[in-house]
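# Architecture and fold: a report
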Amino acid sequence: LHVEESGPGRVKPSETVSLTCTVSGGSIVKDTYYWGWIRQTPGKGLEWIAIIHHSGTTFYNPSLKSRVSISIDTSKNQFSLTLNSVTVADTAVYSCGGTGGGYFDPWGQGTLVTVSS
Amino acid sequence: DIQLTQSPSSLSASVGDRVTITCRASHDISNNLAWYQQKPGKAPSLLIYSASTSQSGVPSRFSGGGSGTDFTLTISSLQPEDVATYFCQKYNSVPLTFGQGTKVEL
């Protein structure tokens, strides 16, 4: 099972960033699996953002819940994240992954999102 | 939220040394703890889950222990390829949280 992120690279403050994770080597429709996003910054370390099940069940980090939405497209074997009203503090490497028991495996290489005017 | 505190934040050891990293949870998380290895420029890789169960393919020199609030990751004989940053993660409930990482150098 392999996951790979894609995103815009750079966005401006107050804009919305959309990221997509493509799952390969297996189906995203796995009853025991959730799919999620984590971000990493040198200052704050690793921060879990959200997870989603193919049924549509979602869980969000309360610290980001008001600005984040996670969705899944089983026909494309993809899931996505949108983060709105971004600020410089949202500059990070955003990674996607699968979790069958709460821990992430696989985990993608990550895509850098830079928030800058 | 349950906080995870790793120690030390960095360490330097020699090839063949036994290395132990500690992860302390602010509340009881039973055995719902995982350890990851992250090499520079790479994605984190799962080493251990359920506090002490090794992921398939992980060298036997890596082992995990503990339960409740205190956990350890031990490298029994440090190898050059083990230079990396190691993270713990708790998953007993959301929000999922991570330790701040321990950088292991030679």
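Structure report, in brief. Computed from a predicted model, the values in this text were never measured in an experiment. (Residues numbered from 1 in each chain as written. Chains lettered and ligands numbered in written order. Predicted model: local features only at pLDDT ≥ 70, side-chain atom pairs only at ≥ 80, totals over all residues. Heavy atoms only, no water.)

Residues and elements named next belong to chain A. All chains considered together, the criterion is met by eight salt bridges over all chains. The partner of Glu-47 in a salt bridge is Arg-39, and the shortest N-O contact between them spans 2.7 Å. Residue Glu-47 is classed as buried on the basis of its relative accessible area of 12%. Put simply, Arg-39 and Asp-90 hold a salt bridge, and the shortest N to O gap is 2.8 Å. Taken together, the positions of Arg-39 in strand 4 (residues 34-41) and Asp-90 in the loop between strand 8 (78-83) and strand 9 (92-99) put the pair 51 residues apart, joining distant regions of the chain. With respect to burial, Arg-39 and Asp-90 carry one shared label: buried. Here the salt bridges share partners, and the residues they tie into one network are Arg-39, Lys-44, Glu-47, Arg-67 and Asp-90. (Salt bridge = Lys/Arg side-chain N within 4 Å of Asp/Glu carboxyl O. Buried < 20%, exposed > 50% of the residue type's maximum accessible area, 1.4 Å probe, protein only. Helix = DSSP H or I, 4+ residues; strand = E, 2+ residues; numbered from the N terminus.)

Turning our eyes to something else, we now look at the side chain of Asn-61 of chain A. Structurally, the position occupied by Asn-61 of chain A is in the loop between strand 6 (58-60) and strand 7 (68-73). Given the relative accessible area of 8%, Asn-61 of chain A is considered buried. Side-chain polar atoms of Asn-61 of chain A contact the backbone oxygen of Trp-48 of chain A, separated by 2.7 Å. Apart from the residues lying within four places of it in its own chain, the contact partners of Asn-61 of chain A are Glu-47, Trp-48 and Ile-49 of chain A together with Pro-95 of chain B. (Polar contact = N/O pair within 3.5 Å; in protein donor to acceptor, adjacent residues only side chain to side chain. Contact = heavy atoms within 4.5 Å.)

The next thing to look at is the sheet that holds strand 8 of chain A. Through backbone hydrogen bonds, the strands of a sheet pair up, either in parallel or in antiparallel fashion. All names here are of chain A. If you trace the four strands from one edge of the open sheet to the other, you get 1-3-8-7, paired in antiparallel fashion. Each end of this open sheet is capped by a strand with a single partner; those strands are strand 1 (2-6) and strand 7. With strand direction ignored, the average angle separating the axes of adjacent strands in the sheet is 20 degrees. Looking at chain direction, strand 1 and strand 3 (residues 17-24) are connected through five bridges and run antiparallel. Among the inter-strand pairings, Val-3 is bridged to a residue of strand 3, identified as Val-23. (Pairing = 2+ DSSP bridges. Axes fitted to C-alpha atoms, helices over the stretch in contact; angles between N-to-C directions.)

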